[in-house]
Amino acid sequence: AVDFAHPEVGVVTSDTTATAHCYFDRASAPEQEDLEAAEYRRQVLEDAAALKKLAVDFAHPELGVVTSDPTATARCYFDRASAPQQEDKEEVEYRRQVLADAMALKKLAVDYAHPELAVVTSDTASTARCYFDRASAPQQESLVDVQYRQQVLEDAAALKSLAVDFAHPELAVV
């Protein structure tokens, strides 16, 4: 049992023909790392464990801080007198809904105030009819017809003025 518990103690024999191969020095043995490499590996693993603990602490602020120092104290950032007022979930949801409604109303106002902007849709089956090209739409006048109508109305206004002047000679001429 002593030989097994202390492999660093050499084997003593009186048989000169007794030989053995070292298990650790054979060609097929796994490579052994030296003491310096083992120490470096231990340090790297400790650093990785510390970084993991910091990452968990950062990612989960709701977890409490555990310390063994009885003199360590801290104030809560959120419960101090000068802390900004915190909203509960209902208020946050209500605020989100109000902002969504405001954005929808703004979009409707822009659509109403700017009819020249094109309507954008992702539905390929959506269709629309032109208000001005429908069968029941009032007939559109050409530019020549509009100019002719304007001339006729100006002539009618001049004739009315002459008729009033003729029918009422008592009125002064202006």
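None of these values were measured; they are calculated from a predicted model.

Asker: In this structure, what is going on with the overall build of the protein chain? I would like to understand it.
Answerer: Looking only at helices and strands, the protein chain features four helices and zero strands. Sequence-ordered secondary structure for the protein chain, helices as α and strands as β, is α-α-α-α. For 174 residues, the compact-globule estimate of 2.2 N^0.38 gives 16 Å, and the protein chain exceeds it by more than 25% at 49 Å. On the principal axes, the C-alpha backbone points of the protein chain span a range of 160 × 55 × 30 Å. A buried classification covers 2% of the 174 residues belonging to the protein chain. For the protein chain, the accessible surface area stands at approximately 17700 Å², while carbon and sulfur atoms represent 62% of it. Separation of charge centres in the protein chain, based on 16 positive and 31 negative side chains, amounts to 7 Å.

Asker: Mind showing me how you'd approach the pattern of salt bridges here?
Answerer: Close approach of charged atoms allows side chains of opposite charge to pair. Using the criterion set out here, one finds eight salt bridges in the structure. The closest approach of N and O atoms between Asp57 and Lys53, which form a salt bridge, is 3.1 Å. Placement of the pair is Asp57 and Lys53 together in helix H2 (residues 35-59), with a separation of four residues, close to one helical turn. Overall, the relative accessible area of 53% leaves Lys53 in the exposed class. Arg96 is the partner of Glu93 in a salt bridge, and the nearest nitrogen-oxygen pair spans 2.6 Å.

Asker: Just to check I follow, could you spell out the environment of Leu108 for this structure?
Answerer: Considering the arrangement of structural elements, one finds Leu108 in helix H3 (residues 89-113). Measuring from C-alpha to C-alpha, the distance between Leu108 and Pro138 comes to 28 Å, with 30 residues separating the pair along the chain.

Procedures and definitions
- Residues numbered from 1 in each chain as written.
- Predicted model: local features only at pLDDT ≥ 70, side-chain atom pairs only at ≥ 80, totals over all residues.
- Heavy atoms only, no water.
- Helix = DSSP H or I, 4+ residues; strand = E, 2+ residues; numbered from the N terminus.
- Rg over C-alpha atoms; globule rule 2.2 N^0.38 Å.
- Buried < 20%, exposed > 50% of the residue type's maximum accessible area, 1.4 Å probe, protein only.
- Areas by Shrake-Rupley, 256 points an atom, 1.4 Å probe, with all protein chains shown as cover.
- Lys, Arg positive; Asp, Glu negative; His and termini not counted.
- Charge placed at Lys NZ, Arg CZ, Asp CG, Glu CD.
- Salt bridge = Lys/Arg side-chain N within 4 Å of Asp/Glu carboxyl O.

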